[in-house]
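Tertiary structure, described
Now for the letters of each chain:
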2 protein chains.
Amino acid sequence: MINVAIVEDDKDIRESLALLINSTDGFMCTTTYGECMSAIKGINEDIPDIVLMDIGLPGMSGVEGIRRIKEKHPDLDIIVLTVHENDDIVFEALCAGACGYLVKETPTSRLLDAMREVKHGGAPMSTQIARMVVGSFQKKTESLLTAREIDVLNQLCKGKSYRMIADSLSISEETVRRHLKSIYRKLEVHSKSEAVAKALKENLI
Amino acid sequence: MINVAIVEDDKDIRESLALLINSTDGFMCTTTYGECMSAIKGINEDIPDIVLMDIGLPGMSGVEGIRRIKEKHPDLDIIVLTVHENDDIVFEALCAGACGYLVKETPTSRLLDAMREVKHGGAPMSTQIARMVVGSFQKKTESLLTAREIDVLNQLCKGKSYRMIADSLSISEETVRRHLKSIYRKLEVHSKSEAVAKALKENLI
DNA sequence: CACAAAATGACCCGTTCGGGTCATTTACCC
DNA sequence: GGGTAAATGACCCGAACGGGTCATTTTGTG
């Protein structure tokens, strides 16, 4: 029997979700919450197997709610169920600890499958979400940086100094400096650390 | 009609996959390859809609093959179909441009679904793979760094100087310097850029 | 309350970095 | 074949950094 808790501000959605879950073999939903604070408190008392979580909630955001719940219960599985398909929110939710992300038009059969999938160690996502997630691994093609600049940037990301980069690429320190100037201009940054941060965040290397 | 190419060194698997695809409505497979080089060449002539790609191939690795194929055909969808569930290979394949990753015990019906899913903008993954991918977003808990050190590290990742970090956290530059010393010792690094690189790669922040 | 861990602040000094301006050679595209 | 982009190398200088050693205050847990 999989015990599901629901965090969702819309009463109609909340109740129909609970009804769906309670009328499905192997699932039950004894507790629902209208906002995060009570969910965080309630889940501390009565620990479910899975939390279905909305993102656009009154008061504390769902993302922050996920973070707080996972702090106390790292092994609890949280599935986001929301209308938000905005890139930032998806990644924020996953970083906060969600292990699944479904958009709200998901058919009920898929929702039930998703919960079963989570219990088998999966991470169910709606198709567009999965593509966004996988896409986030892909390197930017047609980089604005030249091949040599990328070489230098790669070394930089290993924490190398100008001197070490020069040795490693068999060019003079002055040339390294020159490439760095060009990189800074293109990335619009002004220090090694900022360049590294930008390069890693934007998958330039 | 979805045109599928197969890259797979095992003749039996290759042929049974082709047979499956050709006997399914809406799919066809006219070309199969036993290793990467001929696939790269062949795909340049005869462009399929989807490539099913093995990873453990003789000669060029599947990962490198994916990279080469995506270089020429950035919009071509490549699904990895392999026995490898090793973390590194999964992420390497996705970084190289794969948009799906299935383990070989995947039932044929799921394989066909996966190809349809890809054509609808999805990114089909086996359950364990999806969890690995989502897990890679999650921050390390129980950091070896203190809360304040993480504050400083966060600022560092925005490319701030000591002076700017000091202002932004309302502490003296000397204290920032002190925290940085402690961070360097714990992360075993010796520069801002190296610390940023390590922090971002290890999801410390 | 006592003790430990964390956070705070200060000084010195040699090295590295960032930005400025200079120039030459190689490679590729029209 | 001539022009453009890329890659190479050099110098200067002030600001920023990294490592060293010093000490005080705050916080939290037993």
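Analysis parameters
Residues numbered from 1 in each chain as written. Chains lettered and ligands numbered in written order. Predicted model: local features only at pLDDT ≥ 70, side-chain atom pairs only at ≥ 80, totals over all residues. Heavy atoms only, no water. Axes fitted to C-alpha atoms, helices over the stretch in contact; angles between N-to-C directions. Helix = DSSP H or I, 4+ residues; strand = E, 2+ residues; numbered from the N terminus. Parallel < 35°, antiparallel > 145°, perpendicular 65-115°, else oblique. Contact = heavy atoms within 4.5 Å. Nonpolar A, V, L, I, M, F, W, Y, C, P; charged D, E, K, R; others polar. Core = buried A, V, L, I, M, F, W, Y, C linked by side-chain atoms within 4.5 Å. Buried < 20%, exposed > 50% of the residue type's maximum accessible area, 1.4 Å probe, protein only. Pairing = 2+ DSSP bridges. Domains from an automatic or database assignment. Least-squares fit on C-alpha atoms with pLDDT ≥ 70 in both. Near = heavy atom within 4 Å. Polar contact = N/O pair within 3.5 Å; in protein donor to acceptor, adjacent residues only side chain to side chain.

Between two packed helices, both the angle of their axes relative to each other and the distance between the axes serve to describe the pair. Residues and elements named next belong to chain B. The geometry of helix α3 (residues 62–72) relative to helix α4 (residues 87–96) is characterised by a closest axis approach of 8 Å and an angle of 10 degrees between their N-to-C directions. The orientation of α3 relative to α4 falls into the category roughly parallel. Residues Val63, Ile66, Arg67 and Lys70 of α3 lie in contact with α4, whose contacting residues are Glu92, Ala93 and Ala96. Partitioned by chemical class, the residues of the contact of α3 with α4 number four nonpolar, no polar and three charged.

A few words on the nonpolar core. Met53(A), Ile66(A), Met125(A), Met53(B), Ile66(B) and Met125(B) are the most contacted members of the largest nonpolar core, which has 70 residues in total. Leu200(A), Leu204(A), Cys157(B) and Ala199(B) belong to the second-largest nonpolar core, a separate cluster that totals 43 residues.

Glancing now at the pairing of strand β3 (residues 50–53) of chain B. All names here are of chain B. Residues Ile50 and Leu52 of β3 are buried on one face, and the alternating residues Val51 and Met53, pointing to the opposite face, are buried as well. As paired strands, strand β1 (residues 2–7) and β3 are joined by four bridges and run parallel to one another. Among the inter-strand pairings, Val7 is bridged to a residue of β3, identified as Met53. By the bridge criterion, four bridges tie β3 to strand β4 (residues 77–82) in an arrangement that is parallel. Considered in β4, the bridge of Met53 is made with Val80.

One can read the domain layout of chain A as domain 1 (2–126) and domain 2 (136–201). Between domain 1 of chain A and domain 2 of chain A, the C-alpha centre-to-centre distance is 42 Å.

A word on the relation of the copies chain B and chain A. Overlaying chain B on chain A yields an RMSD of 0.5 Å, the required transformation being a rotation through 180 degrees with an accompanying axial translation of 0.2 Å. With respect to symmetry, the two chain copies, as superposed, fit the operation of a two-fold axis. Within chain B, the C-alpha atom positioned nearest to the axis of rotation is that of Ser193(B), 1.9 Å from it. With an isologous cut-off of 70% or more, the 100% of interface residues of chain B that recur at the interface of chain A puts this contact in the isologous class.

The full set close to DNA strand C counts 18 residues, and Tyr162(A), Lys181(A), Lys192(A), Thr146(B) and Arg178(B) are the nearest of them. For DNA strand C, the fraction of protein-proximal atoms (within 4 Å) that sit in sugar or phosphate groups is 56%. Measuring from a base oxygen of DNA strand C, one finds a side-chain N or O atom of Lys181(A) at 2.4 Å. Within the side chain of Tyr184(A), one N or O atom sits 2.7 Å away from a phosphate oxygen of DNA strand C. Elements supplying a minimum of two residues to the surface near DNA strand C: α9 (173–187) of chain A together with α7 (147–156) and α9 (173–187) of chain B.

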